Amino acid sequence: GENVEQHPSTLSVQEGDSAVIKCTYSDSASNYFPWYKQELGKRPQLIIDIRSNVGEKKDQRIAVTLNKTAKHFSLHITETQPEDSAVYFCAANPNTGNQFYFGTGTSLTVIP
Amino acid sequence: KAGVTQTPRYLIKTRGQQVTLSCSPISGHRSVSWYQQTPGQGLQFLFEYFSETQRNKGNFPGRFSGRQFSNSRSEMNVSTLELGDSALYLCASSLDGPSSYEQYFGPGTRLTVT
């Protein structure tokens, strides 16, 4: 089955700096890659996603890049703010219905 | 639209008992997936139901089962509870189709097994 690895597990940045989280996947059939943000005690919320026919997608301060050849994708957050502090999960869908494989999460702390 | 709802939100059970958790998807969503979230293992896929049929299944023992009703509501059952089953159980709903993979999570049910 699919295996998703995520790095780093923890990340601290100064407010205003950029944060980058990286994920790799193993199944070349995977074609959809969402990112979720989970604040303490809350449900995971979809913040951005990318499909395999696209190399990059942006939404305001958030961007995701995908390299299908290398089987990795990354989340970029620019101009970080304290409210960006949360755990971020990447996931991959190997095109077998709605079965997602998640990375182990990155705890991001933005220091004011 | 109302979001995904789960009941109960918290549950305490004793080892050996069984438990049933419920999930109501967003109106119009026909796919419901279940995940187990633990600090050590992260989010692990349990199973997915679509049109009352289990479409995908993760690597969990047969003690974990589920079903989906005609109104797309879903339940999961865990029998013979073990201490290691203590976790946050999340369900997620989704439309289905090639452009509708977005999953929306419920608030979860926090299960504690003592």
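Preceding block: the structure.
Reference entry: report on the structure contained in this document.

**Concerning the nonpolar core**
Ranked by internal contacts, the top residues of the largest apolar core, which has 24 residues, are W35, F73, L75, Y88 and L108 of chain A. Those elements that place two or more of their residues in this core are strand 2 (10-14), strand 3 (19-25), strand 4 (32-38), strand 5 (45-51), strand 7 (62-67), strand 8 (72-77), strand 9 (86-92) and strand 11 (106-111) of chain A. One finds L21, C23, W34 and L111 of chain B within the second-largest nonpolar core, a separate group that totals 21 residues.

**Regarding the interface of chain B and chain A**
Chain B puts 24 residues into the contact, and the matching count from chain A is 18 residues. Surface buried jointly by chain B and chain A totals about 1800 Å² across both partners, of which 50% is contributed by carbon and sulfur atoms. The three residues of chain B that bury the most area against chain A are L43, Y101 and F105 of chain B, which together make up 38% of that side's buried surface. Summed over the shared surface of chain B and chain A, the result is 1 salt bridge. Salt-bridge contacts for E102 of chain B lead to R51 of chain A; the nearest nitrogen and oxygen are separated by 3.4 Å. Where chain B meets chain A, there are 6 residue pairs in polar contact (both at pLDDT 80 or more). In terms of residue count, strand 4 (residues 31-38) of chain B provides more of the side of chain B that touches chain A than any other element does, 4 residues in total. Among the residues making up the side of chain B that touches chain A, the classes are represented as 11 nonpolar, 8 polar and 5 charged.

Thresholds, definitions, all that
- Residues numbered from 1 in each chain as written.
- Chains lettered and ligands numbered in written order.
- Predicted model: local features only at pLDDT ≥ 70, side-chain atom pairs only at ≥ 80, totals over all residues.
- Heavy atoms only, no water.
- Core = buried A, V, L, I, M, F, W, Y, C linked by side-chain atoms within 4.5 Å.
- Buried < 20%, exposed > 50% of the residue type's maximum accessible area, 1.4 Å probe, protein only.
- Helix = DSSP H or I, 4+ residues; strand = E, 2+ residues; numbered from the N terminus.
- Contact = heavy atoms within 4.5 Å.
- Buried area = accessible area lost by both parts, 1.4 Å probe.
- Salt bridge = Lys/Arg side-chain N within 4 Å of Asp/Glu carboxyl O.
- Polar contact = N/O pair within 3.5 Å; in protein donor to acceptor, adjacent residues only side chain to side chain.
- Nonpolar A, V, L, I, M, F, W, Y, C, P; charged D, E, K, R; others polar.

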